[in-house]
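Next come the chains, spelled out residue by residue.
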Amino acid sequence: MTVPAETDTRAAAVRVVLVDDEPLVRAGLRVILDAEPDLEVVGEAGDGSEVPQVVAQARPDVVLMDVRMPRVDGIAATRAVVGADRPGVPAPRVLVLTTFENDDHVLDALHAGAQGFLLKRARPEEVADAVRLVARGDSLLFPDAMRRLVAARGSDDAGDALRDARLTEREGEVLRLMATGLSNAEIAGELYLGVETVRTHVGNVLAKLGVRDRTQAVVRAYESGFVPVHGGPTATR
């Protein structure tokens, strides 16, 4: 467990904590992120059990979390990070790292509150961009991978919950576009709406589904069959 002393330099940088049981992986990620002027690694943990203490001390904006660790895995650690959210002191956003894109632990981590996932073989610039994306409040979900994960897991009772939500036709359109990885601005362009209007629709979707953020809404859309897991549009965000 490593938490460097706090300094006044790079004050505006996105603060990142690295969590992985492999020191070499953490070292590589640190090199990638610290090379970016707007990103700064402020702490490390070698197991999920260390995460609450490191997060409390380092106060990161983003936690880059390995999903599989020997003692406390990334699912339980994500749940602990998200559960620490309180008024005035928001929890950091969690970006899950996985070796395999068909790792069903990823779905569990998303249910636990992670805002997205990234493959460990991602290029350095993809890692940096993913951290920035999650830090600004967006989700990082890959539709093709989501379809495979949900198809492998099988259906659940999410369909009933989504039907009970009684989304309007426009809210349904917005949810489907969210599931392709589009941002609010991109959805606005697709539907010829203002960004604020889209933001309102997104808020209504979240409220009706009873979920905390757009990541949870997208997961619900796939698991319910509202967005088909076979065929359909793809995206890379």
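Right, let's walk through the structure included here. (Residues numbered from 1 in each chain as written. Predicted model: local features only at pLDDT ≥ 70, side-chain atom pairs only at ≥ 80, totals over all residues. Heavy atoms only, no water.)

### Overview of the pattern of salt bridges
Applicable threshold: We define a salt bridge as a contact between a side-chain nitrogen of Lys or Arg and a carboxyl oxygen of Asp or Glu at a distance within 4 Å. Put simply, DSSP H or I for four residues or longer makes a helix, DSSP E for two residues or longer makes a strand, and each gets a number counted from the N terminus. Here the term buried applies to any residue with accessible area under 20% of the maximum for its type, exposed to any over 50%, and partly exposed to those in between, with areas from a 1.4 Å probe on protein chains only.
Within the structure shown, the criterion is met by 15 salt bridges. Between Arg 132 and Asp 129 there is a salt bridge, and its shortest N-O distance comes to 2.9 Å. Of the two residues, Arg 132 and Asp 129 are both situated in helix α5 (residues 124–135); the distance of 3 residues between them amounts to about one turn of the helix. Accessibility expressed as a relative area gives 44% for Asp 129, which makes it partly exposed.

### Focus: the side chain of Thr 98
Rules: Any pair of residues with heavy atoms lying within 4.5 Å of one another is described as a contacting pair.
Counting through the fold element by element, Thr 98 comes out in strand β4 (residues 93–98). Sequence-distant contacts of Thr 98, defined by excluding residues within four places in its chain, comprise Val 67, Asp 103, Val 106, Leu 118, Leu 119 and Lys 120.

### Here we look at the nonpolar core
The criterion, for reference: As used in this record, nonpolar core signifies buried Ala, Val, Leu, Ile, Met, Phe, Trp, Tyr and Cys residues forming a set joined through side-chain atoms within 4.5 Å.
Residues Met 65, Leu 110 and Leu 175 are the most contacted members of the largest nonpolar core, which totals 53 residues. When sequence neighbours within four positions are dropped, the list of residues in contact with Leu 110 reads Gly 116, Phe 117, Leu 141, Met 146, Thr 215, Gln 216 and Val 219. Judged by nonpolar contacts, the second largest core, of 20 residues, contains Val 14, Leu 97, Ala 122 and Ala 130.

### A look at the packing of helix α10 (residues 195–209) against helix α11 (residues 214–224)
Defined as follows: Between the N-to-C directions of two axes lies an angle of 0 to 180 degrees, each axis being a line fitted to C-alpha atoms and, for a helix, fitted only over the stretch in contact. In what follows, roughly perpendicular refers to angles from 65 to 115 degrees, roughly parallel to angles under 35, roughly antiparallel to angles over 145, and oblique to any angle outside these ranges. Put simply, a crossing is left-handed when the front helix is turned counterclockwise from the back one by less than a right angle, and right-handed when it is turned clockwise. Three classes are used: nonpolar for Ala, Val, Leu, Ile, Met, Phe, Trp, Tyr, Cys and Pro, charged for Asp, Glu, Lys and Arg, and polar for all others, with Gly counted as polar.
Packing of α10 against α11 brings their axes to within 10 Å, and their N-to-C directions diverge by 65°. Judged by the angle between their axes, α10 and α11 are roughly perpendicular. Crossing geometry of α10 relative to α11 is assigned as left-handed. Across the interface between the two elements, Val 202, Val 205, Leu 206 and Leu 209 from α10 touch Arg 214, Ala 217 and Arg 220 from α11. Here the contact of α10 with α11 is composed, by residue class, of 5 nonpolar, no polar and 2 charged.

### Notes on the packing of aromatic side chains
Counted only if it meets this: Between rings of Phe, Tyr and Trp, where Trp is taken as its six-membered ring, a pair exists when centres lie within 6.5 Å; planes separated by under 30 degrees are stacked, by over 60 edge-to-face, and by other angles tilted. Think of it as a cone above the ring: NZ of Lys or CZ of Arg counts as a charge over the ring if it is within 6 Å of the ring centre and within 35 degrees of the ring normal.
Here the structure, examined in full by the defined rule, presents 0 aromatic pairs. A cation over an aromatic ring shows up here: Arg 176 above the ring of Phe 226, its NZ or CZ 4.0 Å from the ring centre.

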